[in-house]
Amino acid sequence: KARLLQELKGKEDVTLDGRHIQLYANIGGVGDVASVHANDAQGIGLFRSEFLYLEAKDFPTEEEQFQAYKTVAENMAGKKVIIRTLDIGADKKVDYFHLDQEDNPALGYRAIRICLTQPEIFKTQLRAIYRASHFGTISIMFPMIISVDEVRRAKAIAEEVKSELEELGLPYGDVELGIMIETPAAAIMSDELAKEVDFFSIGTNDLTQYTLAIDRQNPKLEAFNDPHHPAILRLIAMVIENAHKYGAWAGICGELGADTSLTETFIKMGVDELSVSPSMVLRVRDKIRSIDSRK
Ligand code: PEP
Ligand code: MG
């Protein structure tokens, strides 16, 4: 089987009836790019940028971040790289952020909530990403969104950053903007949200946690955690449908995206992109190529 999978390198991610799927990989740092290539993923669908912050003793500078994003963009040689902005907080604690102890960290001060409250941190990261976008094909996505207002505020800050770069004469590329759909609120509001962005990436890890009210870190709850719960599948179907209705594309970057028992379901729902851990790319490719979505 391993040998057969190797033979899928260089093959297209296309169903028997000719539907093309963007099959990308998730990475957590610059060092993971080698495995993206080794497994022949067609892009990076989730670059978890937290690693830059988790590894550091103090806020990573714009220059440090720029170098990391630029390296990944260049190594991907024009293939898409979707960088998720800072998703710190909850389980990902960093000393120099001086975050308060919280009773419910998963429901707390994290991700886009930090970025919108402390825009200087956010702007430093966005400047680094936009500068790096000159060296490849970069998209940006915002995590933990719950409302249209948050998206508009995040976009306004991105616009500020772009005009600042223009004033400085620093070049940047054409950057698609998207959001993660990983809260029930975002899924339910996906019709309105789709009008604001180029794409959605469904984060099924958090979407499952928040929809089923099951702490993703608590092993005791495993018996209750049904990753195929119809509530999750209905939300995913709705998100994809709303994306397409309002001109956005939709992918899945949570663990469920690599669940080959659901690949056919997702394709029939109309999913455009699946982003999975590098080691799963060829297995998912194998599955995609066996599906006839007309049946
Ligand atoms: C998710 O929530 O599904 C996701 C992809 O993000 P993370 O696992 O980093 O929270
Ligand atoms: Mg998440």
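Residues numbered from 1 in each chain as written. Chains lettered and ligands numbered in written order. Predicted model: local features only at pLDDT ≥ 70, side-chain atom pairs only at ≥ 80, totals over all residues.

The chain goes by Phosphoenolpyruvate-protein phosphotransferase in an unreviewed UniProt entry, where it is assigned to Shuttleworthella satelles DSM 14600. Regarding the chain, the UniProt comment filed under Catalytic activity (unreviewed entry) reads as follows: "L-histidyl-[protein] + phosphoenolpyruvate = N(pros)-phospho-L-histidyl-[protein] + pyruvate". The chain has a UniProt comment under Cofactor (unreviewed entry) that states "Mg(2+)". (UniProt positions renumbered as here; feature names shortened; annotations may be inferred.)

Take the overall build of the chain next. Helix and strand counts for the chain come out as 13 helices and 8 strands. Relative to the 2.2 N^0.38 estimate, which gives 19 Å for 295 residues, the radius of gyration of the chain is 19 Å and therefore close to what a compact globule would have. Projecting the C-alpha coordinates of the chain onto the three principal axes gives extents of approximately 55 × 40 × 35 Å. Relative to its 295 residues, the chain shows a buried fraction of 44%. (Helix = DSSP H or I, 4+ residues; strand = E, 2+ residues; numbered from the N terminus. Rg over C-alpha atoms; globule rule 2.2 N^0.38 Å. Buried ≥ 20, exposed ≤ 12 C-beta atoms within 10 Å, placed from the backbone.)

With that settled, the discussion passes to the site of ligand 1. Near ligand 1 you find Leu46, Arg48, Asp87, Glu182, Gly203, Thr204, Asn205, Asp206, Cys253 and Gly254, and these make up its full shell. For the shell around ligand 1, the elements supplying multiple residues, two or more each, are strand S2 (44–48) and helix H10 (204–212). For the shell around ligand 1, the leading source of residues is H10, giving 3 residues. (Near = placed C-beta within 6 Å.)

The next thing to look at is the UniProt feature "binding site: Mg(2+)" (unreviewed entry) in the chain. Feature annotation in UniProt places "binding site: Mg(2+)" (unreviewed entry) on Glu182 and Asp206, given in this structure's numbering. In terms of the greatest pairwise C-alpha distance, the residues named above, spread along 25 residues, form a tight cluster of at most 5.3 Å across. Relative to the elements of secondary structure, glutamate 182 occurs in the loop between strand S5 (176–181) and helix H8 (184–188). Contact partners of glutamate 182, with chain neighbours within four places excluded, come to Pro143, Met144, Gly203, Asp206 and Leu207. Residue class for aspartate 206 comes out buried when judged on the 22 C-beta atoms lying within 10 Å of it. (Contact = placed C-beta atoms within 7 Å.)

A few words on the packing of H10 against helix H11 (residues 230–245). Packing of H10 against H11 leaves a shortest axis separation of 10 Å and a crossing angle of 125°. In terms of orientation, H10 lies oblique with respect to H11. Like other packed secondary-structure pairs, H10 and H11 cross with a definite hand, here right-handed. In contact with Thr204, Leu207, Thr208 and Thr211 of H10, H11 contributes Ala231, Ile232 and Leu235. Of the residues belonging to the contact of H10 with H11, the class tally is 4 nonpolar, 3 polar and no charged. (Axes fitted to C-alpha atoms, helices over the stretch in contact; angles between N-to-C directions. Parallel < 35°, antiparallel > 145°, perpendicular 65-115°, else oblique. Left-handed = near helix turned anticlockwise from the far one by under 90°. Nonpolar A, V, L, I, M, F, W, Y, C, P; charged D, E, K, R; others polar.)

The next subject is the sheet that holds strand S1 (residues 22–27). Strands sit in the order S1-S2-S3-S4-S5-S6-S7-S8 around a closed barrel of 8 strands; the barrel is parallel. Sheet twist, expressed as the average angle between the axes of neighbouring strands with direction ignored, equals 25°. As defined by bridge partners, strand S4 (residues 137–142) adjoins S5 across 4 bridges and the pair is classed as parallel. Across the sheet, the residue bridging to phenylalanine 142 is isoleucine 179, located in S5. (Pairing = 2+ DSSP bridges.)

Right, let's talk about the pairing of strand S8 (residues 273–276) for a bit. Residue alternation in S8 divides its side chains into two sets, Glu273 and Ser275 and Leu274 and Val276, and both sets are buried. Sheet analysis places strand S7 (residues 249–252) next to S8, joined by 2 bridges and oriented parallel. Following the sheet pairing, glycine 251 is matched in S8 by glutamate 273. For the crossover that starts at S7, traverses helix H12 (residues 263–269) and ends in the parallel S8, the hand is right-handed. (Right-handed = clockwise from strand over helix to strand, strands pointing away.)

With that settled, consider unusual backbone geometry. The phi angle at alanine 77 is positive, at roughly 45°, despite the residue not being glycine. Considering the arrangement of structural elements, one finds alanine 77 in the loop between helix H4 (62–75) and strand S3 (80–84). In the Ramachandran plot, histidine 98 falls in the positive-phi region, its phi being about 50° despite a non-glycine side chain.

Residues given the UniProt feature "binding site: phosphoenolpyruvate" (unreviewed entry) here are Arg48, Arg84, Asn205, Asp206 and Arg216. Relative to the elements of secondary structure, arginine 48 occurs in strand S2. The class of arginine 48 is partly exposed, set by 19 C-beta atoms lying within 10 Å. Look past the residues within four positions of arginine 48 in its chain and what remains in contact with it is Gly28, Arg84 and Asp87. Within the fold, aspartate 206 resides in helix H10.

Our focus in this paragraph is the nonpolar core. By size, the foremost hydrophobic cluster in this structure holds 82 residues, and its most contacted members are Tyr69, Ile179, Phe200, Val239 and Ala250. Setting aside its immediate chain neighbours within four residues, tyrosine 69 contacts Ile83, Ala128, Ile129, Ala132 and Ile138. (Core = buried A, V, L, I, M, F, W, Y, C linked by C-beta atoms within 7 Å.)

Before going further, it helps to spend a moment on the packing of helix H6 (residues 119–132) against helix H7 (residues 148–168). The geometry of a pair of packed helices is captured by two quantities: the angle between their axes and the separation between those axes. Following both chains from N to C, one finds H6 and H7 inclined at 55°, their axes separated by 9 Å at the closest point. Classed by the angle they form, the pair H6 and H7 counts as oblique. Between H6 and H7 lies a crossing of right-handed hand. Residues Pro119, Phe122, Lys123, Leu126, Arg127, Tyr130 and Arg131 of H6 pack against Ile157, Ala158, Val161, Lys162 and Leu165 of H7. Split by residue class, the contact of H6 with H7 holds 8 nonpolar, no polar and 4 charged.

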